[in-house]
Structure formats: C-alpha cells, structure tokens
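As a plain string of letters, each chain reads:
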Amino acid sequence: MAVITIIGAGMMGSGMSRPARDNGHEVRLVGTPLDRDIISEARVSGRHLPMKRQLPDGIKYYQIEELPAALEGTEYIICGVSSFGVEWFKENILPQLIPGVPVLSVTKGLLNYPDGSIKTFPAYFKESLPEHLRGKVSFSAIGGPCTSYELMDSHQTMVYFCGEDAEALKQFQKLLTTSYYHPDISTDVLSVEMCVALKNAFAVAVSMGIGLAEKLEGADAYMYNPQAALFGQSLREMGRLLKLYGGNADFACGIPGAGDLYVTIFGGRTRKFGYLLGKGKSYAEAKTELAGVTLESVVIITRMCCALRALAEQGKIDLADFRLITFLDEVINQGAACDIPWTEFR
C-alpha cells in the first residue's frame, strides 16, 4: 500500500481517488480554497457535491490549510487542479513539494509565448520549482478519454501517463492500473499534452455540428455528416500542429487525440459551448448562457492561435493549413459569425 496525496478536490482530481482506493492505497484528498464545500460535505457524507456521487470509502479529507499534514509521509502526489489553477499551484504548492516524491497531473492545457513557441504544464512546473527542489521532483501528466463521472463509476478506459521520468511513469502505472483503468506510458510529453489540450479546442468545432443540425432540422435532427467532417478536419489539423512543434502526428489518431476528442463531444461544458455556437448564438451570448462555467477550450483556442499567428508573421507557416482552429478564434475573439468555412478546409 502506498500513500497518495491528491491536491485539488474538483471533478478529475477526486475521480482519481477511485483507482487509487480500489488498489488499496491510502488516499488523502486536499481541497483548494475553491473546494471548501466539497471537502466539508465529503467529511460528513462521503459525497462529492459537483459530481453527485459517493467517493470511495476510507479517503482522508483535508482543507488547504491542513496541507502540511496531508503531505507528511506521502509517497506520491496527484495534481488535481484545472488549467485555471496552474498559477495557484505554482505559487502555493510547488514550494511545499518533497524531494523524491513524484507528481502526476490531471491538468490540461498549454502555454504560448510571443515567438510562437508553446510549453506543456509539466515543463512549466519543472522550470518553476524553487532552487532547492530543482532536479529532485519529476512531473508527469495524464491524457486520454476519461471523464470524471465514468472513472468514478469504474467504466473501462485507456489513457496515457506521460513524463520525462520513465521510472516514475512505471510507478504510477503500477499504482493506478485496475481492471477498468488502463494507463499506457510515454516519454513523448509534447505529443500527448498537445493532444490533451487541443481536443478541447476541436471539440467545440465538432459540437457546432450538433447545434447546426438542430438549428436546421429541429430537436429530432440526426445530421451526422457535418459532425464527421468536422471531426476529420480536427484530426487533420491536430496532426499538423503536432508535426509543426516536433511531436508525433500519429498520436492525433490515437487514444490521446481521436479517443479523447470523441468522448469530449458527448457531454459537458465544451459540447454545450460548441452546440450553442452551432445553433447561431454569438460567443457573448453563449458565454452569458454558460455563466459560471470555466471554458478551458476558449483559453486553448486563443493561445494556440496567438502562437500560430506569430509563426505566420515570421513566414514559418501558412495559416490556411489551420483553418478550423483559426475560424474558432475568429468567432471567439473577433466577433465573427459562426459560419463554418467548409470550402476553406484543406
């Protein structure tokens, strides 16, 4: 039995408690400042409020000010924050990490820079470590088709654990593999993490096809051709983006790319957002209707297109090769109408 501390009691962070507890490990679930109600309720009833499910028995719960106690004697850490919590994790958690204790992150996203380059969150965390921890903490990440609800319900899924430290990956794989949770491992962090991030962007596009069908044919619409075409274009551009940044384009058609994109278009906030746009809502109208919902897809689209425009200005790419994701950026950041540019895809 190992001691695993999960920092972040949101949906996926809490979801990771299922395979960990099913394998008999001690799990300590620490809430962020935004998770106080979740932790308070779980201590009383064992129920996760947003997920509307019972958490596994035997979890030890901690509010954020109790973090030192939750870290005492821990052997593994899971970062359970969303991309909106990255800076908080960097400022408040990285300095408290323990030499030799590896970190596995559920966080999805990318960072972009003015020169058009991008960076994964594991790389960002690594370079942001305080001096006394440099080279002493490894960061890995999870990618693949796995929703928190289905993980908590023990549904079958395949994912990737990616990171630079192959030994840490093997340890996490051994810790968390169950009869329903099947992690493969890869040291190609860039390829896996790009797929993980970009699927949120492209899921908006595919979901537009769902809204478009209802707009044109009514609530009982069954127009699947537009969705399939957008799905195919999404994978085409995802592969091009991987190749552009030195990744392996084959991942786009695998578990972290096509697999994760597929599951994302079947539910959740990203599907709802794309659906509203497809029905003819403007970005502002869709955002108002989804008030209070964090849209990681919007951040990914914006950051990726900022990077692409920087590369285009340097003459390194033709933006026409990425017409679907730049169209999404135009709708979100330039107020363009949601008229899918079918004839411009290539």
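Sequence positions are assigned chain by chain, starting from 1 and proceeding in written order. A pLDDT threshold of at least 70 governs which residues receive local features in this predicted model, and a stricter bar of 80 or more applies before side-chain atom pairs are shown or counted, although totals over entire chains, interfaces and linings include all residues. The basis for every side-chain value is the complete set of heavy atoms in the structure, and neither hydrogens nor water enter the calculation.

### Overview of the side chain of T32
A run of DSSP states H or I qualifies as a helix once it reaches four residues; a run of E qualifies as a strand once it reaches two. Both are numbered from the N-terminal end. Tracing the backbone shows T32 in the loop between β2 (26-30) and α3 (36-45). Whether a residue is buried, partly exposed or exposed follows from its accessible area with a 1.4 Å probe, protein chains only, as a fraction of its type maximum: under 20%, in between, or over 50%, in that order. Relative accessible area serves as the criterion here: at 10%, T32 is assigned to the buried category. Here, residues are in contact when the closest pair of their heavy atoms is within 4.5 Å. If we skip the residues at most four places from it in the chain, T32 touches G8, I64, V81 and W88.

### Thoughts on unusual backbone geometry
Phi is positive for K52, which is not a glycine, with a value near 55 degrees. Positive phi outside glycine occurs at S154, with the angle close to 65 degrees. One can find S154 in the loop between α7 (148-152) and β11 (157-163). The class of S154 is partly exposed, set by a relative accessible area of 29%.

### Focus on the packing of aromatic side chains
Pairing of aromatic rings covers Phe, Tyr and Trp, the last through its six-membered ring, and needs centres within 6.5 Å; plane angles under 30 degrees mean stacked, over 60 mean edge-to-face, and all others mean tilted. In this structure the tally under the stated criterion is 9 aromatic pairs. A centroid spacing of 6.5 Å and a plane angle of 40 degrees characterise the contact between Y124 and F125, whose relative ring orientation is tilted. Across the pair, F125 and Y124 agree in class, each one buried.

### A few points about the pairing of β11
Within β11, 6 of the 7 residues are buried, leaving the element largely enclosed by the surrounding structure. Any two strands with at least two DSSP bridges between them are considered paired. Here strand β10 (residues 139-143) pairs with β11 via 4 bridges, running antiparallel. Within the sheet, the bridge partner assigned to S140 lies in β11 and is G163. Sheet topology places β11 next to strand β12 (residues 181-186); 6 bridges connect them, and they run parallel. Its bridge partner being in β12, Y160 is matched across the sheet by D184. Here, the term right-handed applies to a crossover whose path from the first strand over the helix to the second runs clockwise when the strands point away from the viewer. Read from β11 through helix α8 (residues 166-176) to β12, the crossover connection turns out right-handed.

### Some remarks on the packing of helix α9 (residues 189-217) against helix α10 (residues 225-244)
Between α9 and α10, the shortest axis-to-axis distance is 9 Å and the interhelical angle comes to 155 degrees. Compared by their axis directions, α9 and α10 come out roughly antiparallel. Seen along the crossing, α9 lies across α10 with a hand that is right-handed. Residues L190, S191, M194, C195, L198, K199, F202, A205, V206, G209 and I210 of α9 lie in contact with α10, whose contacting residues are Q227, L230, F231, S234, E237, M238, L241 and L242. Under this grouping Gly is polar, as are all residues other than the nonpolar Ala, Val, Leu, Ile, Met, Phe, Trp, Tyr, Cys and Pro and the charged Asp, Glu, Lys and Arg. Across the contact of α9 with α10, the residue classes tally to 13 nonpolar, 4 polar and 2 charged. Between the N-to-C directions of two axes lies an angle of 0 to 180 degrees, each axis being a line fitted to C-alpha atoms and, for a helix, fitted only over the stretch in contact. We call two directions roughly parallel when the angle between them is under 35 degrees, roughly antiparallel when it is over 145, roughly perpendicular when it lies between 65 and 115, and oblique otherwise. Should the near helix be turned anticlockwise from the far one by less than a right angle, the crossing is left-handed, and should it be turned clockwise, the crossing is right-handed.

### Quick notes on the environment of S45
Positionally, S45 belongs in helix α3. S45 sits in the partly exposed class, given a relative accessible area of 31%. For the pair S45 and T107, spaced 62 residues apart in the sequence, the C-alpha separation amounts to 27 Å. Think of a polar contact as two N or O atoms within 3.5 Å of one another; within protein, one of them needs to be a possible hydrogen donor and the other a possible acceptor, and neighboring residues in sequence only count if both atoms come from side chains. There is a polar contact of 3.2 Å between the side chain of S45 and the backbone nitrogen of R47.

### What to know about the sheet that holds β10
Strand order in the open sheet made by the 8 strands is β5-β2-β1-β6-β7-β10-β11-β12, with mixed pairing throughout. The outermost strands of the open sheet, each flanked by one partner alone, are β5 (60-62) and β12. Strand-to-strand twist in this sheet, taken as the mean axis angle between neighbours without regard to direction, amounts to 25 degrees. In terms of strand pairing, strand β6 (residues 76-79) meets strand β7 (residues 103-105) through 3 bridges, oriented parallel. Pairing of I77 across the sheet is with V103, part of β7.

### As for the pairing of β10
Burial runs high along β10: 5 of the 5 residues are buried. Burial of the side chains of β10 extends over both faces: F139, A141 and G143 are buried on one face and S140 and I142 on the other. Note that β7 and β10 share 3 bridges and pair parallel. Bridge pairing in β10 links L104 to S140.

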